[in-house]
Amino acid sequence: MDLSKMAVSINKAINTQEVAVKEKHARTCILGTHHEKGAHTFWAAVNRLPLSSNAVLCWKFCHVFHKLLRDGHPNVIKDSMRNKADLSDMSRMWGHLSEGYGKLCSIYLKLLITKMEFHIKNPRFPGNLQMSNRQLDEAGENDVNNFFQLTVEMFDYLECELNLFLGVFSSLDMSRSVSVTAAGQCRLAPLIQVILDSSHLYDYTVKLLFKLHSCLPADTLQGHRDRFQEQFKKLKSLFYRSSNLQYFKRLIQIPQLPENPPNFLRASALSEHISPVVVIPAESSSPETEHMVDLVTEDLVDTDIPVQPATVVEPRFDDLFGTSAATDPFNFNNQNGMRKDDKDRLIEQLTREIQALREELESFRLESGRLCQALRGRVNELEAELAEQSHLRMQALGESEFLRAELDDLRRVKEDTEKEQRSLTEIERKAVANEQRYVKLKEKYTELVQSHADLLRKNAEVTRQMTVARAAQDEVDSVRREMQEKVKAAQEAAERQEQEQVEQLQELQRELISSRVELDTLKSIMASSQQSSEELSSQLSTVESEKVELAGSLLKKEEELAGLGEELEHVQSSLASERESGVKTAEALQNQLNEKESREQALERQLVAARWSTLQGAVEEAERIVQDSLAQLDDPAHISCTSSADYLASRCQASLDCMDRLHSARDGYLADNTGVSELVRAVTHLAHLVGDTIVQGSATSHMVPVEQADALSDSVKACGAEALALLGQMKEQESLATADSATLRAALDGILATAEKLRPRGLELQQGELGDLVEQEMAATSAAVESAAARIEDMLNKSRAVDTGVKMEVNERILASCTDLMQAIKELVLSSKDLQRDIVDSGRGAASMKEFYVKNSRWTEGLISASKAVGWGATVMVDAADLVVQGKGKYEELMVCSHEIAASTAQLVAASKVKADKDNANLGRLKLASKGVTQATAGVVASTKSGKSQIEEKDTMDFSSMTLTQIKRQEMDSQVSVLELETKLQKERERLGELRKKHYELAGVAEGWGEEGEGTG
C-alpha cells in the first residue's frame, strides 16, 4: 500500500466535520499499519493536525486511534508510547472544559493512555482483548499474586471505559432521537469500541475472581467483590440503554448481562456464568469496499507491466539514419565517399542510443524485481493466513476436547449424586433402627420408674416420673419430625441438582454441535485459501517465463554493444587533453583543502566550548532539581506524604551507586572531553536520585517517633546541602577535577544507616535465621500437638477415676473427640512437612534449603505464621477442655477453640500448597488430612453440644400459682432482659469486627505486607 494513500485517508478520517468517521478511511489506516508494521506514518500525519485547538478534531482522532490500538499491527502500541506525555498534556488541557466535546476528549484520552499502559504491562493480551481460557491462565503464570494484581488493573481499565460511556450519554439529550442525527452519531460511534472492550473485561474479571476465591479467604477479597458489584450495575444499565438506540441496532448486537451478579462465594456458580458475546453483523459488499479491495490488490501485485513492442528499435534507427541506413547502416559499400564529420555524428548518435537502451533495460530489470518482490510478499501473506487458519482449527479442536472433558465431569457428578442418594437411604434405615432402639430403652426406663414407685409408694414421685417420660416422648417426636423434614429436604435438593445437571448436559451438547459447524466452516475457508495459493503459483511461473525472455533480449543488446566498442576506442584519444586540465583542477582542490582544515580547527574550538556549556547547563538543572526537593520539605501539602524505611534504603543505595558512576564519568571527561554525554547523564541521574532520597527521607520521618524524625529530617537537609556544594564545584572548570564527593557520600551513608534501623524486624532476619526459624516453628507445632494429646489422655484418666454416671459419659465423649482432632492435626502437620520438603527440593536448584527460604521470604513468613497459629490453637483448646471437664469452663469456649483450629489449619494448608505442583502426591495427602481436621472439628462441636444438653437441667416453668399482675410483671422483666441481651450481642459483634480488623493490620505489619511497592503519598 502506498503510504501517501494512508496519509490521505488519515486526513479524511480526522477532520472538523461533526459526523461519524467513515469506515473505509479507518480500514485504510488499519491496513496501512499492517503494511508498514508500525504507526510511524500515522503519527507523522497526526502531529501536523491542530488537535489542541479543535475539540471535534481531537474526538475523531481518539476514535481512529482506538481502532488502531484494537485492530492495527501489534507494534502500534509500542510506537505510540513515545507520544504518551503529549496525550497526557492534551487530556489535562481539555479537562478544563466542563461541557461539550472538551470534557469527552479528556475522558477518552485517559482511556487510551490506560489501554496502552495495560497492554505494555501485560504483553500477552492482544489489542482486541480476545483470549482463550488457557491463554488467560498463562497470563497470570499460575501465581495468585499476579492474578490479584491483574484483577485490579482490569478494574481500573473497565472504570475508564464506564466513565466514557457515562460521559457520552450525559452529554446527549435522550428525550430526542439523537442517534439518527449526524452530531449524535459522531458522539456514539466510539462507543462500539468501548462495548467490545467492556464485554471482554467483564468476562475475564468474573473468571479471575472465581480463581482468586478458590485460593484466598473471602474476607481478603471483600473489596474486589464490592468494586465488581458497582461496575456490574453500571455496565448492565449502559448495555441496556445502548441496545435501545436505533444507531446501534444496525451496527452491533449488544449482549445483556444476567439479572444478578455471580455469587463468588459459591464455586459451582462459575458453571452458570455465560460469557457475553458482542456480534457485529457482516457488512454487505459496497462500491467503497470493492474499491478498497482493488487498492489493496493493486498494492500487493502490480499487474500493469508495460510491454514494449518489438519494433521500437527499428523505427528509431530509421529515423536517425534514414531508410538506406537500415540496409547498410554503416555505409560500408560507399565508405570511400563518407566524410569525417558524418562518422563522428554517427558515433555520437550510436552512443546516445546505447545509453537509452541501457536505461530501458535497467527499467525492465527494476520492474521485474519489483513484481517478483510483490508476488513474494503476497505468497508470504497467504502462507501466514494459512498458518492462522490452521491455528484456529487446532484451537477449535482444543475447545472440542475441553467440552468433552466437561461432559465427562458432569457424568461423574451425576454418579456422585446417585451415590449420595444411596447413602441417604442408608441414613434413613439407621434412623429407623435408632428409633426402635430408643423405644426399647424407653420401655425399660418406664419399668424401672414403676418399680421405684412401688417401693417408695409415693404418688407424687410417680407423677413426676410420668411427667419426665412425657417430656422425653415429646422430644422423641420432635426429633423424629425434624429427621423426616431433613430427609425430605435432602431428597428435593438432590432432585433439583440432578435436573440442573441434565440441563447443563443439554447445553453442552448444543455448544458441541455449534463448534463442529464452525470447524467445517474453517475447513472450507482453508480449501479456498489453498486454491488462491495455486493461482498465485501459476502467476509466478508466468513471471519467470517473462524474466527468461528479458534475459535473452539482454544478451542480444550486449552483443550489439561489443560491436560498437571498437568505434568508441577512437573517442578515448580525446581524454588526454582532459587529463591535463584535471591536474590543474587537483592543484586548485589542494588549496581548498588547506582552507577547509583551518576552518575545521576553528569549529573544533567552538565544539569544545559547546561541550562545556552543555555540562554547565546540566549541572545547573541538577541544582534546580535538588533545590526543588529541599523546597518540598517546607510545603504543607508534603506533611500528608508517607514512605517506608525499606524504600528509603533502596533510594540511598541507588544514589551511592550513581556516585561511583559520576566519579568514573568525570575521570573520562577529564581524559577526553568528547565523553561529555556520559558525564551529563550521570549528573542528571544523581540529581534525580538525591532529590528522591530527600523527599522519601522526609516522608519516612512522618511515620517514626519525633526524636528519630528530627534526626532524619536534619540528615536529608544536610545531604541536600552537600549535593548543592558538590554541584557548585563541578560548575567551575578549574575546580571540576578537585571536586570532592566524600561529604555527600558520608551524608548518604548516614541516611542509609538510619533507614536500616527503622526497617521492620522481620526484614532483619539473616539467611540462616530465617531458614532455622521455619524448622523451629514446625517442630514447635508438632511438639505442641503431641503435648496436647498427652494432656487430653491424662484428663481422660482423671475423669474416669473421679466422675460417674452422665458426667463421666459426657467427659469421655468430649475428650475422645478432642483426641481425634489432635491426631488429625498431627497428620496434617506431617503432610505439610513432606509437601514443603518437595517444594524446596523442586524449586531451590543448586541453592541450599535456607537460601530457598530466604529467596521466597513472603512464602516462608506465611508458613511461620500458620504454624504458630496451629500450635497456639491446640494449646488453648486443651486448656478449655480441662476447664470444661473440671466443671469450671464454658462449653462455648471449647466450640470457639475448635473453629479457631480449623481456620488455622486452613491457613497452613493454603500456605503449604501455594507453590506446590498440582500433581504432587503429598499435596493429595495434605488435602485428605485437611478434610480429616474439618470432620474432627465438627465432631468436637457436636459432642460438646450433646454433652451440654445432657448436663444442663431444664427447669419446668409452672405459672399456675401466679396472678395476672405477677405474670404481667414477669413478662415485662423478660422483655427488659431480651432487650439488654440484644444490645449486648450487637456490641459484642461490633467489638469482634474491630478485633478482626486490628488483627489483620498487625499481621500485615509483622509480615511486611505492601512494603515492596510502597512509595510517597
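Residues numbered from 1 in each chain as written. Predicted model: local features only at pLDDT ≥ 70, side-chain atom pairs only at ≥ 80, totals over all residues. Heavy atoms only, no water.

Draft legend 1. Focus on the packing of helix 20 (residues 645-671) against helix 23 (residues 742-758). Running from amino to carboxyl end, helix 20 crosses helix 23 at an angle of 155 degrees, the nearest separation of the two axes being 8 Å. Comparing their axes, helix 23 and helix 20 come out roughly antiparallel. Viewed along their axes, helix 20 and helix 23 form a crossing whose handedness is left-handed. Contacts from Ala645, Leu648, Ala649, Cys652, Gln653, Ser655, Leu656, Met659 and Asp660 of helix 20 reach helix 23 at Leu744, Arg745, Leu748, Asp749, Ile751, Leu752, Ala755, Glu756 and Leu758. A breakdown of the residues in the contact of helix 20 with helix 23 according to their chemical character gives twelve nonpolar, two polar and four charged. (Axes fitted to C-alpha atoms, helices over the stretch in contact; angles between N-to-C directions. Helix = DSSP H or I, 4+ residues; strand = E, 2+ residues; numbered from the N terminus. Parallel < 35°, antiparallel > 145°, perpendicular 65-115°, else oblique. Left-handed = near helix turned anticlockwise from the far one by under 90°. Contact = heavy atoms within 4.5 Å. Nonpolar A, V, L, I, M, F, W, Y, C, P; charged D, E, K, R; others polar.)

Draft legend 2. Broad picture of helix 11 (residues 191-213). Across its 23 residues, helix 11 extends 32 Å between first and last C-alpha, which sits within 8% of the 33 Å expected from 1.5 Å per residue. Buried residues dominate helix 11, accounting for 22 of its 23 residues. (Expected span 1.5 Å × (residues − 1). Buried < 20%, exposed > 50% of the residue type's maximum accessible area, 1.4 Å probe, protein only.)

Draft legend 3. Layout of the environment of Thr684. As for its position among the elements, Thr684 is in helix 21 (residues 676-701). Between the C-alpha atoms of Thr684 and Val619, which are 65 residues apart in sequence, the distance is 7.4 Å. Within the local environment of Thr684, its side chain forms a polar contact with the backbone oxygen of Val680, the two atoms lying 2.9 Å apart. (Polar contact = N/O pair within 3.5 Å; in protein donor to acceptor, adjacent residues only side chain to side chain.)

Draft legend 4. Molecular detail of unusual backbone geometry. Despite not being glycine, Glu141 shows a phi value in the positive range, around 55 degrees. With respect to the helices, strands and loops of the structure, Glu141 is situated in the loop between helix 8 (133-139) and helix 9 (144-171).

Draft legend 5. Region of the structure containing a negative patch on the surface. Together, Glu415, Asp416, Glu418 and Glu420 make up a negatively charged patch on the protein surface. Mapped onto the elements of the fold, Glu418 is located in helix 17 (residues 340-456). (Patch = residues over 30% accessible without salt bridge, like charges linked within 9 Å, V, L, I, M, F, W, Y side chains within 5 Å. Areas by Shrake-Rupley, 256 points an atom, 1.4 Å probe, with all protein chains shown as cover. Salt bridge = Lys/Arg side-chain N within 4 Å of Asp/Glu carboxyl O. Lys, Arg positive; Asp, Glu negative; His and termini not counted. Charge placed at Lys NZ, Arg CZ, Asp CG, Glu CD.)

Draft legend 6. Spatial organisation of the nonpolar core. Of all hydrophobic cores here, the largest spans 93 residues; its most connected members are Ile14, Phe42, Phe61 and Phe125. Look past the residues within four positions of Ile14 in its chain and what remains in contact with it is Phe42, Val46, Leu49, Leu57, Lys60, Phe61 and Val64. Ala618, Ala622, Val716 and Leu726 belong to the second-largest nonpolar core, a separate cluster that totals 47 residues. (Core = buried A, V, L, I, M, F, W, Y, C linked by side-chain atoms within 4.5 Å.)

Draft legend 7. Main features of the pattern of salt bridges. On inspection of all chains with the given rule, the structure shows 28 salt bridges. In this structure, the salt-bridge partner of Arg70 is Asp197, at a minimum N-O distance of 2.4 Å. Remark: Asp197 occurs in helix 11 and Arg70 occurs in helix 4 (residues 55-71); sequence separation between them is 127 residues. The buried category is assigned to Arg70, whose relative accessible area is 6%. Across the salt bridge formed by Glu623 and Lys731, the nearest N and O atoms sit 3.5 Å from each other. Here Lys731 lies in helix 22 (residues 706-731) and Glu623 lies in helix 19 (residues 575-632), a separation of 108 residues in the sequence. On the accessibility criterion, Glu623 (12% relative accessible area) is buried. We classify Lys731 as partly exposed; its relative accessible area is 23%.

Draft legend 8. Main features of the state of the cysteines. All told, the structure shown has zero disulfides when counted by the stated rule. Cys58 supplies the cysteine sulfur nearest to Cys62, a cysteine that is in no disulfide, at a spacing of 4.3 Å. Judged by relative accessible area, Cys62 falls into the buried class, the value being 0%. Counting only cysteine sulfurs, Cys719 is the nearest neighbor of Cys652, a cysteine outside any disulfide, at a range of 7.4 Å. (Disulfide = S-S within 2.5 Å.)

Draft legend 9. Spatial organisation of the packing of aromatic side chains. The full count for this structure, using the stated rule, is 18 aromatic pairs. Here Phe42 and Phe65 contribute two aromatic rings whose centre-to-centre distance is 6.2 Å and whose plane-to-plane angle is 15 degrees, an arrangement assigned as stacked. Residue Phe42 is located in helix 3 (residues 40-46), and its partner Phe65 is located in helix 4; the two are separated by 23 residues in the primary sequence. Like Phe42, the residue Phe65 is buried in the burial classification. Members of the aromatic cluster, connected to one another through ring pairs, are Tyr202, Phe210, Phe228, Phe232 and Phe264. Over the face of the ring belonging to Tyr101 we find Arg187, whose NZ or CZ atom lies 4.4 Å from the ring centre. If you follow Lys211 out to its NZ or CZ, it ends over the ring of Phe147, 5.4 Å from the centre. (Phe/Tyr/Trp six-rings, centres within 6.5 Å; stacked < 30°, edge-to-face > 60°. Lys NZ or Arg CZ within 6 Å of the ring centre and 35° of its normal.)

Draft legend 10. Fine view of the environment of Ile113. Here Ile113 lies in helix 7 (residues 101-121). Put simply, Ile113 and Asn83 are 30 residues apart on the chain and 9.8 Å apart in space, counted from C-alpha to C-alpha. Excluding residues that lie within four positions of it along the chain, Ile113 makes contacts with Lys84, Leu87 and Ser88.

Draft legend 11. Just the environment of Ala938, in detail. The topology assignment puts Ala938 in helix 29 (residues 921-951). In this structure Ala938 comes out as partly exposed when scored by relative accessible area, which is 45%. For the pair formed by Ala938 and Ser898, sequence separation is 40 residues and the distance between their alpha carbons is 8.2 Å.

Draft legend 12. Seen up close, helix 12 (residues 222-243). The terminal C-alpha atoms of helix 12, which comprises 22 residues, lie 32 Å apart, in line with the 32 Å expected from a rise of 1.5 Å per residue. What helix 12 keeps buried is the set His224, Arg225, Phe228, Gln231, Phe232, Leu235, Leu238, Phe239 and Ser242. Looking straight down helix 12, one finds its buried side chains confined to an arc of 155 degrees; they lie on one side. Those residues of helix 12 that are exposed and angled more than 90 degrees off the buried face are Lys233 and Tyr240. (Arc of directions from axis to C-beta.)

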